[in-house]
Amino acid sequence: MRAKLIDGKAIAESLREEVKQKVAERVEKGLPAPGLATVIVGDNPASKVYVRMKHKACQEADIISIGHELPADASQEEVESLVQKLNADPSIHGILVQLPLPAGLDEERVLNTISLQKDVDGFHPINIGRLAQKGREPLFIPATPAGVMYLLENSGVELSGANAVVLGRSNIVGMPVSLLLVKANATVTICHSRTKDIPGLIREADVLVAAVGIPEYVRGDWVKPGAIVIDVGVNRVEDETRKSGYRLVGDVAFDEVAEVAGAITPVPGGVGPMTIAMLLRNTLRAARLADGNGNG
Ligand code: GUN
C-alpha cells in the first residue's frame, strides 16, 4: 500500500477527549453540562444504531443526552410539538432529529422548527443557506461534512486551488461538503447519477470525497496518483467468513485505490468516528451559545 492511512478513529478519539476536558471545565465553573436531545421517528434499524452510538459518545464525554422515540405513524404536529418542547427546555442545548423521517412527514418543516441556536446537525435551512453564501457563516456545520473537512485540513493537502470531486449530492453529506470545499477555495465538481464520464472527472481530482452509497464504486485506475481520498460510504456486503454474515465496505475499492492515492480513509475507522466527534463539538458549542457569550 502506497497511500498514507488517515486514521479517523484516532483523530476522533483525541477530539472527543478535548470535548470531555472542556465539558469538565464548564462544570467546574458552575456552568451546566451540555445537553443533547435526540429524536427518532419510526423503526429504521440503522437510525437506531447510529443514535445509540451518539448517546454512548455523549455519556463518555459527560454530555447529558436524552432520547425521544415517536412511532412511525406520528403526525407532523406531534413531531413539531416535541421539537418545540425541546426548543423551550433550557437544559437542552442541542436537538438532533435523526434522518430519514418516515414517508409522509415533511422533513423541511421539521428541520425549520428546530431553534437555530440548538441546530447541532446544522440542517436548519438558515444554517445551510449561510453555508452556501459568501461571507456568511452558519452557527453549526453538519457533523459528517465537518469531519471530512477536519480530516482534509489535517492531511496536509492545500485545498486552495485544488481540484476537488465530490461523489453524491445528498443534503446530509454531498452538498454541504461541496459548499465547505468551495469556502476553502477548492474548485469543486459534484458528480451524481446523471454525470457523464465520472472516471474521467475523478482522474483530474487532487481531492476526492465519495458519498454515493455504492460499495467499492471508485476503482484504482480512476484515481490521480497522490490524490487525497475521503470515503464516506458505509455499505454492508455479504461475507460468509464473518460471524455476522456481512462486512462493511466504503464507496471506494480500498485495496486498489490505496496503491495509487497519496492518503486514504479506511471504512470502518475513517469518517464514521469523526461524525460523532463533530456532533459532540457542536453540542458543546450549543451550550456555550446558551451561556450568552455568543461566540460558541
Ligand atoms: N442520518 C444520517 N446521518 C445523519 C446525521 O448526521 N444527522 C441526522 N440527524 N440524521 C442522519
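How each quantity is defined
Residues numbered from 1 in each chain as written. Predicted model: local features only at pLDDT ≥ 70, side-chain atom pairs only at ≥ 80, totals over all residues. Heavy atoms only, no water. Helix = DSSP H or I, 4+ residues; strand = E, 2+ residues; numbered from the N terminus. Buried < 20%, exposed > 50% of the residue type's maximum accessible area, 1.4 Å probe, protein only. Pairing = 2+ DSSP bridges. Contact = heavy atoms within 4.5 Å. Axes fitted to C-alpha atoms, helices over the stretch in contact; angles between N-to-C directions. 1 Å grid on protein atoms, 1.4 Å probe; cavity = no way out; pocket = protein on both sides within 12 Å on 5 of 7 lines; lining within 4 Å. Points joined across faces, edges and corners; volume = space filled by probe spheres on them. Nonpolar A, V, L, I, M, F, W, Y, C, P; charged D, E, K, R; others polar. Salt bridge = Lys/Arg side-chain N within 4 Å of Asp/Glu carboxyl O.

*Asks:* How do you make sense of the environment of G135 when you look at a structure like this?
*Replies:* Summarising the element assignment, G135 is placed in the loop between α5 (125-131) and α6 (143-153). A residue is classified by how much of its surface remains accessible, and G135, at 84% relative accessible area, is exposed. In the structure, G135 is positioned 48 residues away from K183 in sequence and 9.1 Å away in space, judged by C-alpha atoms.

*Asks:* Help me understand the sheet that holds strand β1 (residues 4-5) in this model?
*Replies:* Pairing between sheet strands relies on hydrogen bonds along the backbone, with the strands arranged either parallel or antiparallel. Here we have 6 strands laid out as an open sheet, ordered β1-β11-β8-β7-β5-β6, and parallel in their pairing. Two strands close off the open sheet at either side, each with one partner strand: β1 and β6 (187-191). Here strand β5 (residues 163-167) pairs with strand β7 (residues 207-210) via 4 bridges, running parallel. Bridging across to β7, A164 finds its partner in V207. The sheet contacts of α6 involve β7 and β8 (228-231), and relative to β8 the element is tilted by about 155°.

*Asks:* Quick question: what am I supposed to make of the sheet that holds strand β4 (residues 94-97) here?
*Replies:* With parallel pairing, 3 strands are arranged side by side in an open sheet as β3-β2-β4. For this open sheet the edge positions go to β3 (64-70) and β4, each flanked by a neighbour on one side alone. For this sheet, the mean inter-axis angle between neighbouring strands, taken without regard to orientation, is 15°. Two elements, strand β2 (residues 35-41) and β3, share 7 bridges in a ladder whose sense is parallel. By the bridge assignment, L36 is partnered in β3 with S65. Against the sheet, helix α2 (residues 45-60) contacts β2, β3 and β4, and its axis sits at roughly 170° relative to β2.

*Asks:* Looking at this model, I keep getting lost on the layout of surface pockets. Mind explaining?
*Replies:* With a probe scaled to a water molecule rolled over the atoms, the places where space remains empty come into view. Quantified by volume, the largest pocket comes out at close to 1400 Å³. What lines the largest pocket is a set of 50 residues, among which Y50, V232, V234, G272 and T275 lie closest to the centre. Counting only elements with at least two residues in the lining of the largest pocket, the list comes to α1 (8-28), α2, β4, α6, β9 (235-238), β10 (246-249) and α10 (271-291). Here the element with the most residues in the lining of the largest pocket is α2; it accounts for 10 residues. The residue inventory of the lining of the largest pocket, partitioned by class, reads 28 nonpolar, 12 polar and 10 charged. In this structure, the second largest pocket encloses a volume near 470 Å³. Forming the boundary of the second largest pocket are 24 residues, of which I141, A146, M278, R281 and N282 lie nearest the centre. Of the residues in the lining of the second largest pocket, the class split is 14 nonpolar, 2 polar and 8 charged.

*Asks:* Would you mind going over the pattern of salt bridges with me for this structure?
*Replies:* Any two side chains of opposite charge can pair, on the condition that their charged atoms come close. With the rule as written, the count across this model stands at 14 salt bridges. K224 is the salt-bridge partner of D206, the closest N and O atoms lying 2.7 Å from each other. Highlighted residues: D206 in the loop between α8 (198-202) and β7 and K224 in the loop between β7 and β8, separated in sequence by 18 residues. Across the pair R242 and D239 runs a salt bridge whose closest N-O atoms are separated by 3.7 Å. By relative accessible area, which is 44% here, R242 ends up partly exposed. Overall, D239 belongs to the buried group, its relative accessible area being 10%. The network of salt bridges with shared partners includes R16, K56 and E60.

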